[in-house]
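# Structure assessment
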Amino acid sequence: MFCFQCEQTAQGTGCTVQGVCGKKPGTADLMDELTGEMIALAKASGGKAPSDSAVGEVIEGLFTCVTNVCFSDETVQKKINAIREEKTKVEEDSGKAGGSGEAPFVMKELWEGDEDVRSLKALLLLGMRGMAAYAHHAAVLGKRDEAVDNFFFKGLAAVGSEKTADELLALIDEFGHVNFKCMEILDAANTETYGTPEPTKVSCDIEPGPFIVITGHDLHDLKLLLEQSQDKGVNIYTHGEMLPAHAYPELKKFAHFKGNFGTAWQNQQKEFDGIPAPVLFTTNCLMLVMPSYADRVYTTSVVSYPDIPHIGADKDFSKIIGKALELGGYHEKQNMTGINGGNTLTTGFARGTVLSVADKVIDAVKAGAIKHFFLVGGCDGMKPGRNYYTEFVKQTPKDTVILTLACGKYRFNDLDIGEIGGLPRIMDMGQCNDSYSAVRVALALAEAFDCTVNELPLTLVLSWYEQKAVCVLLTLLSLGIKNIRIGPSLPAFVSPGVLKVLVETTGLTPISTPEEDLAKILG
Ligand code: SF4
């Protein structure tokens, strides 16, 4: 096996024996085979989406390969078969029923090839895996975009073709813009379906009685679970990236949608140990399931794990609701906290809310009450160095505002660091895909101050772990946003040569220490 797609990759270079995430070598090899088949399909299709069903299968195939999504060989094999069927359809439709001559691409050729080409193609492929997650969520809510659909095929065909570094850099730039479009349609899908997020305080306490924990990013699965569990004597709690769901009017209206369970995703093995409730995984991040709670874990959508019940396309959650009633929940109220001891989390500061108080924010900047904005966002993970983000936020001066998004915020979202002009200094904009909101806010501020985004008193301090962070980063770079700080370590798939280009053209900078970085940023 070879896999170097996430931040925790072995030795910082690549998992070759077994995934640090728990992925087995056989599963990794099957994922490579699936990717090779998708590349062959894309090439047979002429680098353009051939049909809705092919787009759907490719999106699911890419999403399946995202870190902490799928541990089941059986599931990956089914995806391989589905992609082969799509390729046969393309060949039949183009009068090449005997085969298009496009053999499955052998990923080993890429992993063992030229370092810089490997790096650029990995950026493109892994970015597409991330974008597939967003396209999947948007499609579930009925939103598609032709440019997004087509790019999956164009990009996959490019990964399996001879390309120069310049051609790949141009494609990566194009991909960044396409992913912005994808995040835009997902934003539209979410807000048109569930309303504009509004500032909402979320309790970390767990009430006595039966409950279900739902984790991942899929708001549609959450809505269905809320509907099916209503009046059944079962409360629903979010976990991880599902937290921002509490801010959507059409979701928060359910009285049994109570609060948030636990802290960051990487603490799940400890926090789910002996939990008297079932847990539903709708997307990443699923870790190796421990025996103490294996009988109460359920997966749905693209997530799968050997011997763990999977809720299929019928989305019948009656078994998990029954399990919650059987387990009964806690006998007494549990007073839980975030990692810093805070008991309440606030979310819902997406673009609708922030832009509705734009005048107030602009006045505060002009009056000197707000000196600087930081976007401290991205993924959380296990490495100890990630307490950088907690310390960074703690050390920011009182006349600065922290915008945040994605699961990296669990490092500091229970901190009370005060307010500025009636607004909390930490404003949670939502899930990782809500980077779209952050960009829209930055563009609106730039317009108000008649300057570019790079001239605003704004610094992006990002944390990365998996492939959605890759697609978001590529979008930010394609929009010309410079001097982004990134950590806790640089991706293994960025070669020294490619890093040099990124640093020279975008000012991308690795994080150092909170003290040093704050001193440099604030002068
Ligand atoms: Fe290793 Fe990350 Fe790949 Fe898992 S997803 S095998 S931890 S690089």
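Overview of the structure. Just so it is clear, the structure is predicted and the values come from calculations on it, not from any experiment. (Residues numbered from 1 in each chain as written. Predicted model: local features only at pLDDT ≥ 70, side-chain atom pairs only at ≥ 80, totals over all residues. Heavy atoms only, no water.)

### Here we look at the overall build of the chain
For the chain, the helix and strand inventory stands at 18 helices and 16 strands. A globule of 523 residues ought to have a C-alpha radius of gyration of about 24 Å, and the chain, at 22 Å, matches this closely. Here the chain holds 523 residues, and the buried ones make up 60% of them. Considering only contacts in the chain between residues 6 or more positions apart, those separated by 24 or more positions represent 75%. Per element, the accessible surface of the chain, about 19,500 Å² overall, is 51% carbon and sulfur. Charged side chains of the chain number 48 positive and 67 negative; the gap between the two group centres comes to 2 Å. (Helix = DSSP H or I, 4+ residues; strand = E, 2+ residues; numbered from the N terminus. Rg over C-alpha atoms; globule rule 2.2 N^0.38 Å. Buried < 20%, exposed > 50% of the residue type's maximum accessible area, 1.4 Å probe, protein only. Contact = heavy atoms within 4.5 Å. Areas by Shrake-Rupley, 256 points an atom, 1.4 Å probe, with all protein chains shown as cover. Lys, Arg positive; Asp, Glu negative; His and termini not counted. Charge placed at Lys NZ, Arg CZ, Asp CG, Glu CD.)

### A word on the sheet that holds strand 13 (residues 426–428)
An order of 13-10-9-14-15-16 is seen for the 6 strands of this open sheet, with the pairing classed as parallel. Either end of the sheet is taken by a strand with one partner, and the two such strands are strand 13 and strand 16 (509–510). Looking at chain direction, strand 14 (residues 458–463) and strand 15 (residues 485–487) are connected through 3 bridges and run parallel. Its bridge partner lying in strand 15, Ser 463 is registered against Gly 487. Its contacts with the sheet put helix 18 (residues 514–522) on strand 9 (372–378), strand 14 and strand 15, and the angle it makes with strand 9 is roughly 140°. (Pairing = 2+ DSSP bridges. Axes fitted to C-alpha atoms, helices over the stretch in contact; angles between N-to-C directions.)

### Some details on the site of the ligand
Neighbouring the ligand are 13 residues; Cys 3, Cys 6, Cys 15, Cys 21 and Thr 67 lie closest to it. Looking at the shell around the ligand, its residues break down into 7 nonpolar, 5 polar and 1 charged. (Near = heavy atom within 4 Å. Nonpolar A, V, L, I, M, F, W, Y, C, P; charged D, E, K, R; others polar.)

### A short note on helix 13 (residues 358–366)
Since the α-helix turns once every 3.6 residues, residues separated by three or four places project in the same direction. Turning to helix 13, its buried residues number three or more, namely Ala 358, Val 361, Ile 362, Ala 364 and Val 365. Buried positions in helix 13, seen along its axis, are confined to an arc of 160° and lie on one side of it. Helix 13 presents Asp 359, Asp 363 and Lys 366 as exposed residues on the side facing more than 90 degrees away from its buried surface. In this structure, the buried residues of helix 13 make contact with helix 12 (351–356), strand 9, strand 12 (423–424) and helix 15 (435–448). Two residues or fewer past helix 13, Gly 368 is found with a positive phi of approximately 85°. (Arc of directions from axis to C-beta.)

### Notes on the pattern of salt bridges
On inspection of all chains with the given rule, the structure shows 28 salt bridges. As a salt-bridge pair, Lys 394 and Glu 391 come within 3.9 Å of each other at their nearest N and O atoms. Within this pair, Lys 394 and its partner Glu 391 are both found in helix 14 (residues 387–395), separated by 3 residues, close to a single helical turn. Residue class for Glu 391 comes out partly exposed when judged on its relative accessible area of 31%. Each of Glu 33, Glu 37 and Arg 84 takes part in a single network of salt bridges with overlapping partners. (Salt bridge = Lys/Arg side-chain N within 4 Å of Asp/Glu carboxyl O.)

### Structural notes on the packing of aromatic side chains
A complete count under the given rule lists 19 aromatic pairs for this structure. Residues Phe 180 and Tyr 436 carry aromatic rings whose centres are separated by 5.2 Å and whose planes lie at 40° to one another, so their mutual orientation is tilted. Taken as a pair, Phe 180 in helix 7 (residues 165–194) and Tyr 436 in helix 15 lie far apart in primary sequence, 256 residues in all. Both rings, one in Tyr 194 and one in Tyr 248, keep their centres 6.0 Å apart while their planes meet at 75°; by these two values the pair is edge-to-face. With Tyr 194 in helix 7 and Tyr 248 in the loop between strand 3 (235–239) and helix 9 (249–252), the pair connects residues that are 54 residues apart, well separated along the chain. By way of ring pairs, the aromatic residues Phe 211, Tyr 237, Phe 261, Phe 272, Phe 281, Tyr 293 and Tyr 330 are connected into one cluster. (Phe/Tyr/Trp six-rings, centres within 6.5 Å; stacked < 30°, edge-to-face > 60°.)

### What to know about the pairing of strand 1 (residues 200–203)
What you see with strand 1 is a clean split: Thr 200 and Val 202 sit on the buried side and Lys 201 and Ser 203 on the side with no burial. Where strand 1 lies against strand 8 (residues 344–347), 4 bridges are found, and the strand directions are antiparallel. Looking at strand 8, one finds that Thr 200 is bridged to Thr 347.

### Overview of the environment of Glu 332
Within the secondary structure, Glu 332 sits in the loop between helix 11 (318–327) and strand 8. Taking C-alpha positions, Glu 332 is 8.6 Å from Ile 206, a pair spaced 126 residues apart along the chain. With residues near it in sequence (within four places) discarded, Glu 332 still touches Ile 206 and Pro 208.

### A few points about the environment of Asp 32
Summarising the element assignment, Asp 32 is placed in helix 1 (residues 25–44). A residue is classified by how much of its surface remains accessible, and Asp 32, at 15% relative accessible area, is buried. Placed 430 residues apart in sequence, Asp 32 and Leu 462 show a C-alpha to C-alpha distance of 28 Å. Filtering out sequence-adjacent residues up to four positions away, Asp 32 remains in contact with Phe 2, Met 107 and Trp 111.

### What to know about the environment of His 217
Along the chain, His 217 turns up in the loop between strand 2 (211–215) and helix 8 (219–229). Expressed as a C-alpha distance, the spacing of His 217 and His 239, which sit 22 residues apart in the sequence, is 9.7 Å. Setting aside anything within four residues of it in sequence, one finds His 217 in contact with His 137, Glu 241, Met 242, Thr 282, Thr 283, Asn 284, Gln 431, Cys 432 and Lys 468. Within the structure, His 217 has its side chain in polar contact with the side chain of Glu 241 (distance 3.3 Å). (Polar contact = N/O pair within 3.5 Å; in protein donor to acceptor, adjacent residues only side chain to side chain.)

### Description of helix 14
Buried within helix 14 we find Tyr 388, Tyr 389, Thr 390, Phe 392 and Val 393. Elements in contact with the buried residues of helix 14: strand 9, strand 10 (400–404), strand 13, strand 14, strand 15 and helix 18.

### Remarks on unusual backbone geometry
Trans peptide bonds make up the majority, and among non-glycine residues the majority have a negative phi. For the peptide bond that leads from Asn 284 to Cys 285, omega is 20°, which places it in the cis range. With respect to the secondary-structure elements, Cys 285 resides in the loop between strand 5 (279–281) and strand 6 (297–300). Along the chain, Gly 487 connects to Pro 488 via a cis peptide bond; the corresponding omega equals 5°. Considering the arrangement of structural elements, one finds Pro 488 in the loop between strand 15 and helix 17 (496–506). In the Ramachandran plot, Ser 301 falls in the positive-phi region, its phi being about 60° despite a non-glycine side chain. Since its relative accessible area comes to 23%, Ser 301 is described here as partly exposed. Within the chain, Asn 483 stands out as a residue other than glycine whose phi angle is a positive 60°.

### Considerations on the pairing of strand 14
Most of strand 14 is tucked away, with 5 of its 6 residues classed as buried. With 6 bridges connecting them, strand 9 and strand 14 associate as parallel partners. By the bridge assignment for strand 14, Val 376 is matched with Val 461. With helix 16 (residues 467–478) bridging strand 14 and its parallel neighbour strand 15, the resulting β-α-β unit is right-handed. (Right-handed = clockwise from strand over helix to strand, strands pointing away.)

Coordinates in, geometry out; function isn't part of it.
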